[in-house]
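Below, each chain spelled out in residue letters.
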Amino acid sequence: MTGTRKDEITAILKEQIKGLKYDLEMQEVGVVVEVGDGIARVYGLEGAMASEIVEFPNEIYGLVLNLEEESVGVALFGESERVQEGDEVRRTRRVLETPAGDAMLGRVVDPLGRPLDGKGPIEETGMRKAEIIAPGVIDRQPVDTPLQTGLKAIDAMTPIGRGQRELIIGDRRTGKTAIALDTIINQKDEDVVCVYVAIGQKASTVARIVDTLTKYGAMDYTIVVVADANSPTPMQYLAPYAGCAMAEHFTYGGKDAFVIYDDLSKHAVAYREMSLLLRRPPGREAYPGDIFYTHSRLLERAVRLSEENGGGSLTAFPLIETKAGDITAYIPTNVISITDGQIYLETDLFNQGFRPAMNVGYSVSRVGGAAQIKAMSQIAGELRLELSQYRELEAFAEFSSDLDEESKAQLARGDRLMEILKQKQYAPMSVEEQVVSLYVAVENHLADIEVSEVGRFEDGWLRFVQEEHGEILETIRREKKLTDKLRAHLDKAVEEFKERFTS
C-alpha cells in the first residue's frame with residue numbers, strides 16, 4: 001500500500017515537473033564605483049558595447065563611451081546627483097537609438113525624442129540608430145538639383161544642391177541662424193522635410209525660433225531638436241546625431257530632407273568636456289584627438305542617394321561661430337575641410353546694413369553651377385566677378401583721392417550691386433523673382449538710379465512684373481533659361497517701369 005502511494009506521488013510530481021514552464025534570464029549587472037560631473041565609472045559590465053544604453057536606478061539612462069580593462073565610462077542623460085556610488089547598472093543591449101517618423105513633424109523634442117512642447121505624447125514611431133555608417137560612393141549620385149534658400153546673394157553666388165553640406169560661418173550675431181530659418185521658410189511648397197537642431201542655445205532663443213517657424217507656417221514640415229544650454233553635456237553631444245537620424249527616416253524613404261546643426265562649435269565644446277571628464281588625452285586646444293572624426297562622421301551622412309536606393313537626399317547646414325573673424329582656428333578649419341563650401345558672414349558688412357552679410361571673396365560652393373537653373377547661372381557669372389573687383393577697388397579707393405572715370409563708374413556699379421543683394425529677413429524670394437531682380441543690376445539698368453533708391457526701385461519693379469508682365473516669370477519658371485527673346489522682353493519692361501518710377 002505504502003509502495004503504491006509512493007509510486008503515485010512520484011508519477012504526479014514527474015508530470016507536474018514536465019509541465020512546468022520557466023524563463024531563465026541572465027542579466028549583466030554592474031556597480032557604480034565613481035560618479036560626478038555627468039560621468040559615471042561602472043565596474044562589472046564586461047560585455048558592454050560602445051554607444052550602448054545602460055540603465056541606472058530612478059529611470060536614468062547613460063551612454064557607454066569608454067571601454068576600459070576594469071570598468072566602463074558612462075555619460076549620464078540625467079542629473080548625476082541622483083546616481084550614487086554602489087548603485088546597480090543594467091545593460092539594455094540596445095545601441096543608442098532615437099525615435100523617427102512622420103508623427104515627429106511639427107514637434108519640439110529632446111535628442112531622445114521626448115516631447116518638450118507640451119502637446120502630449122508623440123504617437124507610435126519607429127526607432128533609428130543615432131549613428132550609422134555614411135553611404136559609400138556607389139550608393140550616391142552627383143548633386144545637381146537646387147535647394148533654393150530664397151536669398152538672392154546665396155542662390156546666385158553660392159548655390160546649394162540637394163545632398164550638399166554647406167557651412168555657414170561667422171562671428172556671433174552676424175545672421176547665421178537667420179539664413180537657416182529663411183531657408184526653412186522657403187521650403188514651404190517644395191516638399192522638403194526640415195530638421196533644426198539647437199545645440200547649447202539659450203532656451204529663450206529656441207522659443208523665439210519655434211515661434212517664428214510657427215508664424216510663417218513652417219512647423220508643419222519641421223522637427224525641432226533641442227539640447228539647450230541647460231541640458232546635460234551628453235545630450236548636447238547627442239543632439240546633432242539624433243537630428244540627423246530623424247531626417248534620415250525621410251531621406252531613406254525617398255524624400256528630400258534638410259538639417260541644420262546650430263551650432264557645431266558648441267557641440268565640439270560639449271564633446272571636449274565629456275572627453276576630458278572621461279580622462280581621454282587632450283590634443284590641440286585641449287580638444288580630443290578624434291574631434292575631426294566626430295564631425296566628419298556626422299557630416300558625411302549628407303547624401304543624394306542613387307535611384308536604386310530611392311533617390312532621397314539629405315542636405316546639411318552646419319553652423320560654426322568664429323571669434324573675431326578667425327576662420328583659421330582649429331574647429332572652423334576642420335569643418336571647412338569636411339564641407340562642400342562655406343558662406344562666410346562678416347561683422348563689418350552686417351553692421352553696415354548689408355544683410356545677408358556674405359563676404360563674396362571667402363564664400364564658395366564647391367557644387368557650384370551644377371545646382372543652379374541656367375537662367376540664374378547666366379546672371380550670376382558676371383555678378384560674382386564684378387563684386388570681387390568692386391571689393392578690391394573699394395579698398396584701394398580709401399587710400400587714393402583721385403580715381404579715373406572708369407574706376408568711379410565701376411565703384412558706382414558695385415554700390416548698386418551690393419544694394420540689390422540686400423534682403424529683409426523672413427522674406428525669401430522664388431528663383432524667377434531673383435532672376436528678374438538681379439537682371440536689372442547686372443545689365444546696368446540701375447546706373448541712373450540713386451543708390452538710396454535701389455531698394456524702393458526693386459520692390460516696385462518686382463510688383464510691376466508680377467502684376468503686368470506675369471508671363472516673364474512664367475517663362476523663366478518653365479524654360480529655366482534666358483533666351484534673347486526673353487532678354488528683349490525684360491529690357492522693354494524695365495524701360496517701361498523706369499518711366500513710371502522717375503516721373
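I will try to describe carefully the structure that is included in this document.

The rules behind the values
All chains use their own residue numbering, which begins from 1 and follows the written sequence. Local features in this predicted model are restricted to residues of pLDDT 70 or higher, and side-chain atom pairs are both shown and tallied only at a pLDDT of 80 or more, whereas totals for entire chains, interfaces and linings draw on every residue. To get the side-chain values, all heavy atoms of the structure are used, and hydrogens and water are removed first. The numbering of helices and of strands both runs from the N terminus, where a helix is a DSSP run of H or I of at least 4 residues and a strand a run of E of at least 2. Here a residue-residue contact requires only that any non-hydrogen atoms of the pair lie within 4.5 Å. Each accessible area is a Shrake-Rupley estimate made with a 1.4 Å probe; only the visible protein chains count as cover when residues are assessed. When charges are counted, neither His nor the chain ends are considered; positive counts come from Lys and Arg and negative counts from Asp and Glu. By convention, the point assigned to a charge is CZ for Arg, NZ for Lys, CD for Glu and CG for Asp. Lining residues are those with an atom within 4 Å of a point, where the points come from a 1 Å grid over the protein atoms alone and group into cavities, where a 1.4 Å probe fits but cannot get out, or pockets, open sets with protein on both sides within 12 Å along at least five of seven lines. Grid points are joined across faces, edges and corners, and a volume is the space filled by probe spheres set on the points. When residues are grouped by polarity, Ala, Val, Leu, Ile, Met, Phe, Trp, Tyr, Cys and Pro land in nonpolar, Asp, Glu, Lys and Arg in charged, and all others, Gly among them, in polar. Take a side-chain nitrogen of Lys or Arg and a carboxyl oxygen of Asp or Glu: if they are within 4 Å of each other, that pair is a salt bridge. Accessible area is worked out with a 1.4 Å probe on protein chains only. A residue is then buried under 20% of its type maximum, exposed over 50%, and partly exposed in between. Two strands are said to pair when DSSP picks up at least two bridges between them. Here the axes come from fitting lines to C-alpha atoms, over the contacting stretch only for helices, and the angles between their N-to-C directions go from 0 to 180 degrees. Pairs were defined over the aromatic rings of Phe, Tyr and Trp, the Trp ring being its six-membered one, requiring ring centres within 6.5 Å. Orientation was assigned from the angle between planes: stacked under 30 degrees, edge-to-face over 60, tilted for the rest. Our definition puts a charge over a ring when NZ of Lys or CZ of Arg is within 6 Å of the ring centre and also within 35 degrees of the ring normal. Any helix carries an expected span of 1.5 Å times its number of residues minus one. To be clear, the arc concerns the directions from the helix axis to the C-beta atoms. By convention in this document, the label disulfide applies to cysteine sulfur atom pairs within 2.5 Å.

Quick word on the overall build of the protein
Now for step 1: Within the protein, the secondary structure is distributed over 15 helices and 17 strands.
Now for step 2: Dimensions along the principal axes, computed over C-alpha positions, put the protein at roughly 125 × 45 × 45 Å.
Now for step 3: For the protein, the share of sequence-separated contacts (at least 6 apart) that also reach a separation of at least 24 residues comes to 73%.
Now for step 4: Summed over all atoms, the accessible surface of the protein reaches about 24000 Å², with 50% contributed by carbon and sulfur.
Now for step 5: Side-chain charges in the protein split into 58 positive and 83 negative, and the spacing between the mean points of these groups amounts to 3 Å.

Focus: empty space enclosed by the protein
Now for step 1: For the structure shown, the criterion picks out 3 cavities of 30 Å³ or more.
Now for step 2: Put simply, the largest cavity is a space of about 100 Å³.
Now for step 3: Taken together, A153, M157, L349, F354, R355, P356, A357, M358, V360, M418, L421 and K422 make up the lining of the largest cavity.
Now for step 4: Estimated volume of the second largest cavity: approximately 60 Å³.
Now for step 5: Together, P146, L147, Q148, D155, P159, I160, A371, Q372, I373, M376 and V431 line the second largest cavity.
Now for step 6: The residue makeup of the lining of the second largest cavity, split by class, is 8 nonpolar, 2 polar and 1 charged.

Some thoughts on the pattern of salt bridges
Now for step 1: One pass over the full model with this rule turns up 33 salt bridges.
Now for step 2: The partner of R107 in a salt bridge is D117, and the shortest N-O contact between them spans 2.8 Å. Of this pair, R107 sits in the loop between strand 7 (97-100) and strand 8 (108-109) while D117 sits in the loop between strand 8 and strand 9 (126-129), and the two are 10 residues apart along the sequence.
Now for step 3: Note on R107: relative accessible area 9%, which makes it buried.
Now for step 4: The exposure class assigned to D117 is partly exposed, which follows from its relative accessible area of 23%.
Now for step 5: Residue R304 is joined to D144 by a salt bridge in which the shortest nitrogen-to-oxygen separation is 2.7 Å. One end of the pair, R304, is in strand 14 (residues 303-304); the other, D144, is in the loop between strand 9 and helix 2 (152-157), with 160 residues separating them in the sequence.

Some thoughts on the sheet that holds strand 2 (residues 39-43)
Now for step 1: Taken in spatial order, the 6 strands line up as 1-2-5-4-3-6 and close into a barrel, and their pairing is antiparallel. With direction set aside, neighbouring strand axes in the sheet form an average angle of 45°.
Now for step 2: Sheet topology places strand 2 next to strand 5 (residues 71-76); 5 bridges connect them, and they run antiparallel. Bridging from a neighbouring strand, R41 pairs with G73 of strand 5.

Quick look at the packing of aromatic side chains
Both the distance between ring centres and the angle between the ring planes are used here to describe each pair of aromatic rings.
Now for step 1: For the coordinates displayed, the defined rule picks out 12 aromatic pairs.
Now for step 2: Where Y344 meets Y362, the ring centres are 5.2 Å apart and the plane angle is 55°; that geometry is what we call tilted. In this pair, Y344 is assigned in strand 16 (residues 341-345) and Y362 in the loop between helix 9 (347-351) and strand 17 (364-365), connecting sequence segments 18 residues apart.
Now for step 3: Using a relative accessible area of 6% as the deciding quantity, one classes Y344 as buried.
Now for step 4: In this structure Y362 comes out as partly exposed when scored by relative accessible area, which is 48%.
Now for step 5: Taking the ring centre of Y287 as reference, the NZ or CZ of R272 above it sits at 4.2 Å.
Now for step 6: A cation sits over an aromatic face here: R297 above Y293, 4.8 Å from the ring centre.

With respect to the layout of surface pockets
Now for step 1: Approximately 900 Å³ is the volume attributed to the largest pocket.
Now for step 2: Forming the walls of the largest pocket are 30 residues, and the residues nearest its centre are R173, G175, K176, T177 and A178.
Now for step 3: If you list the elements that add at least two residues to the lining of the largest pocket, you get helix 3 (176-185) and helix 4 (203-215).
Now for step 4: Sort the elements by how many residues they give to the lining of the largest pocket and helix 3 lands first, with 6 residues.
Now for step 5: Counted by class, the lining of the largest pocket contains 9 nonpolar, 9 polar and 12 charged residues.

As for helix 15 (residues 484-502)
Now for step 1: Taking 1.5 Å per residue as the helical rise, helix 15 with its 19 residues ought to reach 27 Å, and the 27 Å between its terminal C-alpha atoms agrees with that figure.
Now for step 2: Within the sequence span of helix 15, burial applies to L486, L490, A493, V494, F497, K498 and F501. Buried residues of helix 15, seen end-on, are gathered within an arc of 140° and therefore sit on one face of the element. Exposed side chains of helix 15 directed beyond 90 degrees from the buried face belong to D484, K485, K492 and E499.
Now for step 3: Residues of helix 15 that are buried make contact with helix 12 (431-442), helix 13 (454-468) and helix 14 (470-479).

Quick notes on the state of the cysteines
Now for step 1: Scanning the entire structure with this criterion turns up 0 disulfides.
Now for step 2: Free of any disulfide, C194 has its nearest neighbouring cysteine sulfur in C244, separated by 14 Å.
Now for step 3: Given a relative accessible area of 0%, C194 falls into the buried group.
Now for step 4: Here C244 falls in the buried class, since its relative accessible area comes to 1%.

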